[in-house]
Amino acid sequence: MNLRYRLTLGIGVLFVLILLLGGLSVGYVRQLSAASGNILADNYNSVHYAEEMLRSLDRLSQDSSSRATLIRSLSLQRQNITEVDESEATASLGRRIAALTDTVTPDRIRLVRSDLYRIMDLNMASIRMKSSEMEARAADAVWWLTVMAVLCVVLAAAFLVQFPAVILRPIDKLKRGITEIANHNYEERLDFGGNREFREVAESFNDMACKLSEYRRSSLDSLMIEKKRIEGIVNSLHEPIVGLDSERNILFMNDEACTILNLKRGEVIGRKAAEVALNNDLLRRLIRELYSEPKEDEGQKEPLKIYADNKESYFQMENIPLHIVPVGGQRKQFIGNVIILNNVTRYKELDSAKTNFISTVSHEMKTPISSILMSLQLLGDNRLGSLNDEQKALITSIKDSSDRLLNITGELLNMTQVESGKLKLMPKIVKPIELIDYAVHATQVLAERFHCFVEVEYPEKISKLFVDNEKIAWVVTNLLSNAIHHSPENSRIIVGACQQDKVVNIYVQDFGRGIDPRYHKSIFERYFRVPGTKVQGSGLGLAISKEFVEAHGGTITVDSQIGKGSRFTISLPA
């Protein structure tokens, strides 16, 4: 049975039930209406005419017009005879009313009354009998209507329960088939039997599933080829690469990674990285950051030292989170990580060679520079002869250049100590005011030359520091020297200290040009100079200062705005 026939049959059944119940109700109502009409039209009118004649009879002796009313009511009664004995009673009534035309006596009136009462009794009995019949008929109508209503309700309820299931059964079957296809079960097929409407849908669905199955087989072949190609590319790379899925399972590992980690690919693919790392220290170091929260201010990490290629090698780890937008989706979804170890051994060796070269050159340059300064001092001694103004200016220029060269050489030596890891601290207890006084005295001549006024702010009570006083004094001196160089003539420079809880802050504040906020982080990088700066320098001072302060477990920060000056703050534990 097709779907259209089922719909027609179901709706037709409901229509027939509604039509049957409505027709039956209308029929019974019409019957009851006709029965009540008969009672009103026949018997009730006869009773009414009899009552009119009784009232006219009572007024006959007093009102002459009552005789006309009596005769008119009698005429109407003769036209409304409905009962069997009513005709004889009406004829008797007519004769006795006619006898009243001669003489009106109480006996004749009594006889007329008896005939009227007889007519009324006949009609009242008929009314009671017809009323009983109508009540019985009404009870039968209620019973049959109730039966039909219950039958209609039962059939409608059965139809309501069964009909949607009949209609929706093939649709549910189609939906389950589509779900199976969506779950990549391309072997699913549909069969709706004799359902003609869904037969074409089933044929189209099965054709689609067949084509998808063929496409999947062909796609799998292509995917396997592409997978092999990608594996070949990954294995050809010299950098160790490890791929993890979103659950931290190892997806792939190229040959270099297997060699570096001393693992066999077949034994680790598909396993949890944390489980494999239990017996592999190097892998544990690689995945450690995957299970920790990333830090915003975390800079470039030190390279990993790994023994590879029969020597100590250095690798820079790079962790790349992978995100994709699924087909049909709108939001990115995390699918895993790729860990790449970039071999930086060559660059590390070049950097070490550069550091050693700079250290050697800087150390060798200090001796001739010291000799130049000593010779300049001897030339300036009046005991060797007086110099003219031009010679004195020349000596001053040579001394300034030599001092600048000596400062640069010292900065280079400090930087090589930091880069080579040979920075040694010799901490001792020192008061912050001692570091400030050293810096003020060291830059006194420079401040007088630039006509700057250095002010010292120092509280009455402040904790002492446990630091390498030479290193920290060098930092404060460098900051104060920078402030003098970048301040206009006759300007103020404030150097001081304060304490917040268990942290001592030493600050240097100037009121010069200021530093653009874009460069606040870059100024602490090596060899960086703010664009547009005319003051000469190596670009190493702040970088060395940062290394010295951080070596003591402290921080150095800057607060500066264009046109409002700069404030450098050294924060050290008390």
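- By the naming in an unreviewed UniProt entry, the protein is histidine kinase, taken from Alistipes dispar.
- In its Catalytic activity (unreviewed entry) section, the UniProt record describing the protein reads: "ATP + protein L-histidine = ADP + protein N-phospho-L-histidine."

## Some points on the overall build of the protein
Thought 1: Helices and strands together make up the secondary structure of the protein, namely 15 helices and 12 strands.
Thought 2: Considering the protein as a whole, with its 574 residues, one finds that 33% of them fall into the buried category.
Thought 3: Counting contacts in the protein only where the partners sit at least 6 residues apart, residues at least 24 apart contribute 62% of the total.
Thought 4: Carbon and sulfur atoms make up 56% of the accessible area of the protein, which totals about 36,400 Å².

## Focus: the packing of helix H12 (residues 432–442) against helix H14 (residues 469–485)
Thought 1: Orientation of H12 relative to H14, taken along the N-to-C sense of each, is 50 degrees, at an axis distance of 8 Å. Classified by the angle between their axes, H12 and H14 sit oblique to one another. The crossing of H12 and H14 is right-handed. Of the residues in H14, those in contact with Leu435, Tyr438, Ala439, Val440 and Ala442 of H12 are Asn469, Ile472, Ala473, Val476, Thr477 and Leu480.

## Digging into H14
Thought 1: Across its 17 residues, H14 extends 24 Å between first and last C-alpha, which sits within 8% of the 24 Å expected from 1.5 Å per residue.
Thought 2: Of all 17 residues in H14, 12 are buried, a share of seventy percent or more.
Thought 3: Those residues of H14 lying buried are Lys471, Ile472, Ala473, Val475, Val476, Thr477, Asn478, Leu479, Leu480, Ser481, Ala483 and Ile484.

## Remarks on the sheet that holds strand S12 (residues 565–573)
Thought 1: Strand order across the open sheet formed by five strands is S7-S9-S10-S12-S11, with mixed pairing between neighbours. For this open sheet the edge positions go to strand S7 (453–457) and strand S11 (555–561), each flanked by a neighbour on one side alone. Each neighbouring strand pair of the sheet contributes to a mean axis angle of 15 degrees, computed without reference to strand direction.
Thought 2: As judged from the eight bridges shared by strand S10 (residues 503–510) and S12, these two strands associate in the antiparallel manner. Looking at the pairing, Asp510 lines up with Ser566 of S12.
Thought 3: Contacting S7, strand S9 (492–500) and S10, H12 runs over the sheet at an angle of about 165 degrees to S9.

## Considerations on the side chain of Arg248
Thought 1: As for its placement among the helices and strands, Arg248 is situated in the loop between strand S1 (241–245) and strand S2 (250–253).
Thought 2: No salt bridge is formed by the buried Arg248; the nearest opposite charge belongs to Asp245, separated by 6.9 Å.
Thought 3: Within polar-contact distance, the side chain of Arg248 engages the side chain of Asn337 at 3.2 Å.
Thought 4: Dropping the residues within four chain positions of it, Arg248 is found in contact with Arg271, Lys272, Ala273, Leu290, Tyr291, Phe334 and Asn337.

## As for the environment of Ser73
Thought 1: When you line up the elements, Ser73 lands in helix H2 (residues 66–78).
Thought 2: We classify Ser73 as buried; its relative accessible area is 5%.
Thought 3: Sequence separation between Ser73 and His48 is 25 residues, and the spatial gap between their C-alpha atoms is 9.1 Å.
Thought 4: If sequence neighbours within four positions are ignored, Ser73 has contacts with Tyr49, Glu52 and Met53.

## Regarding the environment of Arg513
Thought 1: Tracing the backbone shows Arg513 in the loop between S10 and helix H15 (541–551).
Thought 2: On the accessibility criterion, Arg513 (56% relative accessible area) is exposed.
Thought 3: C-alpha separation for the pair Arg513 and Gly563, spaced 50 residues apart in sequence, amounts to 4.8 Å.
Thought 4: Sequence-distant contacts of Arg513, that is, excluding residues within four places in its chain, are made with His486, Gly532, Gln561, Ile562, Gly563, Lys564 and Gly565.

## Here's the deal with the pairing of S2
Thought 1: As paired strands, S1 and S2 are joined by three bridges and run antiparallel to one another. Looking at S2, one finds that Leu244 is bridged to Ile250.
Thought 2: Hairpin connection between S1 and S2: a loop of four residues separates the two successive antiparallel strands, and Arg248 in this loop has a positive phi of roughly 65 degrees.

## Remarks on the pattern of salt bridges
Thought 1: Tallying each qualifying case throughout the model produces eight salt bridges.
Thought 2: A salt bridge links Arg492 to Glu455; its shortest N-O distance comes to 2.9 Å. Of the two residues, Arg492 is situated in strand S9 and Glu455 in strand S7; the sequence distance between them amounts to 37 residues.
Thought 3: Look at Glu455 and you get partly exposed, because its relative accessible area is 30%.
Thought 4: Asp468 is paired through a salt bridge with Lys471; the nearest N and O atoms lie 3.8 Å apart.
Thought 5: Residue Asp468 is classed as buried on the basis of its relative accessible area of 4%.

## Some thoughts on the pairing of S1
Thought 1: Across the five residues that make up S1, a large majority, five, are buried.
Thought 2: Every second residue of S1 is oriented toward a common face, with Ile241, Gly243 and Asp245 on one face and Val242 and Leu244 on the other, all of them buried.
Thought 3: Pairing between S1 and strand S5 (residues 333–343): five bridges, direction antiparallel. Note that in S5 the partner of Asp245 across the bridge is Gly336.

## Overview of the packing of H2 against helix H3 (residues 86–99)
Thought 1: Direction vectors running N to C along H2 and H3 enclose 160 degrees, while the axes themselves pass 10 Å from each other. On the basis of their axis angle, the class for H2 and H3 is roughly antiparallel. In this structure, H2 crosses over H3, and the sense of that crossing is left-handed. Here Leu70, Leu74, Gln77 and Arg78 of H2 come into contact with H3, specifically with Glu86, Thr90, Leu93, Gly94 and Ile97.
Thought 2: The residue inventory of the contact of H2 with H3, partitioned by class, reads four nonpolar, three polar and two charged.

## A look at H3
Thought 1: Look at H3: 20 Å from first C-alpha to last across 14 residues, which is about the 20 Å you get at 1.5 Å a residue.
Thought 2: Within H3 the residues assigned to the buried category are Glu86, Ala89, Thr90, Ser92, Leu93, Gly94 and Ile97.

## Observations concerning the nonpolar core
Thought 1: By size, the foremost hydrophobic cluster in this structure holds 38 residues, and its most contacted members are Leu465, Leu479, Ile506, Ile523, Phe568 and Ile570.
Thought 2: No other element matches the eight residues that H14 contributes to this core.
Thought 3: In contact with Leu465, not counting residues within four places along its chain, are Lys428, Ile429, Val430, Pro432, Leu435, Val504, Ile506, Leu572, Pro573 and Ala574.
Thought 4: Grouped together as the second largest cluster of nonpolar side chains are 24 residues, Ile250, Val276, Leu286 and Met317 included.

Cut-offs applied
Residues numbered from 1 in each chain as written. Predicted model: local features only at pLDDT ≥ 70, side-chain atom pairs only at ≥ 80, totals over all residues. Heavy atoms only, no water. UniProt positions renumbered as here; feature names shortened; annotations may be inferred. Helix = DSSP H or I, 4+ residues; strand = E, 2+ residues; numbered from the N terminus. Buried < 20%, exposed > 50% of the residue type's maximum accessible area, 1.4 Å probe, protein only. Contact = heavy atoms within 4.5 Å. Areas by Shrake-Rupley, 256 points an atom, 1.4 Å probe, with all protein chains shown as cover. Axes fitted to C-alpha atoms, helices over the stretch in contact; angles between N-to-C directions. Parallel < 35°, antiparallel > 145°, perpendicular 65-115°, else oblique. Left-handed = near helix turned anticlockwise from the far one by under 90°. Expected span 1.5 Å × (residues − 1). Pairing = 2+ DSSP bridges. Lys, Arg positive; Asp, Glu negative; His and termini not counted. Salt bridge = Lys/Arg side-chain N within 4 Å of Asp/Glu carboxyl O. Polar contact = N/O pair within 3.5 Å; in protein donor to acceptor, adjacent residues only side chain to side chain. Nonpolar A, V, L, I, M, F, W, Y, C, P; charged D, E, K, R; others polar. Core = buried A, V, L, I, M, F, W, Y, C linked by side-chain atoms within 4.5 Å.

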